[in-house]
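Below, each chain spelled out in residue letters.
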Amino acid sequence: MRAIFLMILAMALLALSDMFIKLSSQVLSPGYVMFLLSLGGTLCFMLIAKWQGANLLSRDALHPWVLARGALEIIGGLGLVLSIGMIPLSLFAAIMQMAPLVVTLGAAVFLKEPVGPRRWLAILVGIIGMLLVIKPGTDGFEPAALFAVMGVCGLGLRDLITRLSPSHIPSISLATWGFAATIPIGLGLIFVSETPTNVTAITVWHMGGGIIVTALGYYAVTQAMRMAPAAIVSPFRYTRLIFTMSLGVLIFGERPDGLTLLGAAIILSAGLYALYRERKLAMAQDRIKTQPDR
């Protein structure tokens, strides 16, 4: 129950992160937002790593899987920051719920993990739901929504790569190195963007709030995943959809249309079914392993 509570709290914090990023993006360019978020998050994680006694200067930082994870962090983070600043939060939230299905698809394609026809069907249904949300070829299509697709693919594959990282590396080290990898990209974007001229104390508070809730949300997810099996707590990741959509309506006055809500519901259903099937298969494998030899 504590793990479930932590996961729900984490999703609420990350929804607030989405809100603060969008508020900051109304004044700051994506480069400034990404650089400040990356730098602030890295410093927060460095403090946590020091508290936990993790060695951030370990040669494990150059492990191929750790480097691959950092590259995917860059792709996912860039897509996230660009999309939040350019599309409604409700649209962004619906697309980001594809992450668990991206992990399942990536495991089948890249890791050759067995995926049965039911989970393939769930992935296909989830893609159909995403197309309903994005609405390509219609007047409601927003090209910037493709940045959200880029973000969800990057972050989903990042989670997949995390499975392959050496088990002796602490989660806080992976988080710190991942955030640090995005700092140069944000800095590079600053040099090709205009300097903001209307920064106020409110903008600083928005950016500071985004840094704090992002770090706390990420840390809460890590703790929740360590306290209970993933099959138990992962379905509660979808509460982020409710939190983020609610903030979009209450703070930004968004009104998601029927297709967006329908697509979000389809993605949610497909993702939950895929998690359910994974749990059932894991339970069946555990029963086989515990059966005595005859």
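Scroll up a little and you will see the structure.
As the structure is a computational prediction, the values presented were derived from the model and not from experiment. (Residues numbered from 1 in each chain as written. Predicted model: local features only at pLDDT ≥ 70, side-chain atom pairs only at ≥ 80, totals over all residues. Heavy atoms only, no water.)

Student: Explain the packing of helix 4 (residues 89-96) against helix 6 (residues 117-134) to me, please; I cannot follow it from the model alone.
Tutor: Each pair of packed helices gets described by two things: the angle between the helix axes and the distance between those axes. Across the interface, helix 4 lies against helix 6 with an axial gap of 10 Å and an inter-helix angle of 165°. In this view, helix 4 runs roughly antiparallel relative to helix 6, as classed from their interaxial angle. Our pair here, helix 4 against helix 6, has a crossing hand that is left-handed. For the pair helix 4 and helix 6, contact is made by L91, A94 and I95 and by M130, V133 and I134, respectively. (Axes fitted to C-alpha atoms, helices over the stretch in contact; angles between N-to-C directions. Helix = DSSP H or I, 4+ residues; strand = E, 2+ residues; numbered from the N terminus. Parallel < 35°, antiparallel > 145°, perpendicular 65-115°, else oblique. Left-handed = near helix turned anticlockwise from the far one by under 90°. Contact = heavy atoms within 4.5 Å.)

Student: Any chance you could explain the packing of helix 1 (residues 2-25) against helix 3 (residues 64-86) here in plain terms?
Tutor: Two elements in contact, helix 1 and helix 3, have axes separated by 8 Å at closest approach and are oriented at 65°. The pairing of helix 1 with helix 3 is recorded here as roughly perpendicular in orientation. Between helix 1 and helix 3 lies a crossing of right-handed hand. Residues D18, I21, K22 and S25 of helix 1 form the contact with helix 3, whose participating residues are L80, I84 and G85. In terms of residue class, the contact of helix 1 with helix 3 is made up of 3 nonpolar, 2 polar and 2 charged. (Nonpolar A, V, L, I, M, F, W, Y, C, P; charged D, E, K, R; others polar.)

Student: Is there a simple way to explain the packing of aromatic side chains in this structure?
Tutor: How two aromatic rings sit relative to each other is given by the distance of their centres and the angle of their planes. Scanning all chains against the criterion turns up 1 aromatic pair. Between the aromatic rings of F45 and F179, the centroid separation amounts to 5.1 Å while the plane-to-plane angle is 75°, which identifies the pairing as edge-to-face. Linking F45 in helix 2 (residues 30-52) with F179 in helix 8 (residues 171-181), this pair joins segments that are 134 residues apart in sequence. There is no split in this pair, since F45 and F179 are both buried. Here the guanidinium or amino end of K22 rests over the ring plane of F252, the centre of that ring lying 5.9 Å away. (Phe/Tyr/Trp six-rings, centres within 6.5 Å; stacked < 30°, edge-to-face > 60°. Buried < 20%, exposed > 50% of the residue type's maximum accessible area, 1.4 Å probe, protein only. Lys NZ or Arg CZ within 6 Å of the ring centre and 35° of its normal.)

Student: I would appreciate a short explanation of the environment of Y218 in the present structure.
Tutor: Structurally, Y218 is set in helix 10 (residues 201-227). By relative accessible area, which is 16% here, Y218 ends up buried. Note: C-alpha distance between Y218 and M150 (68 residues apart in sequence) is 20 Å. Not counting the four nearest positions on each side in its chain, Y218 is found in contact with L14, F45, R69, E73, R158, A175 and F179.

Student: What exactly am I supposed to notice about the nonpolar core here?
Tutor: Among soluble globular proteins, nonpolar side chains are generally buried collectively. Among the nonpolar cores identified, the biggest contains 44 residues, and L80, F92, I95 and M130 are the most heavily contacted of them. Every residue in contact with I95, bar those within four places of it in the chain, is listed here: M130, V133, I134, A145, A148, V149 and V152. With 11 residues, the next largest nonpolar core counts I4, A10, A224 and V233 among its residues. (Core = buried A, V, L, I, M, F, W, Y, C linked by side-chain atoms within 4.5 Å.)

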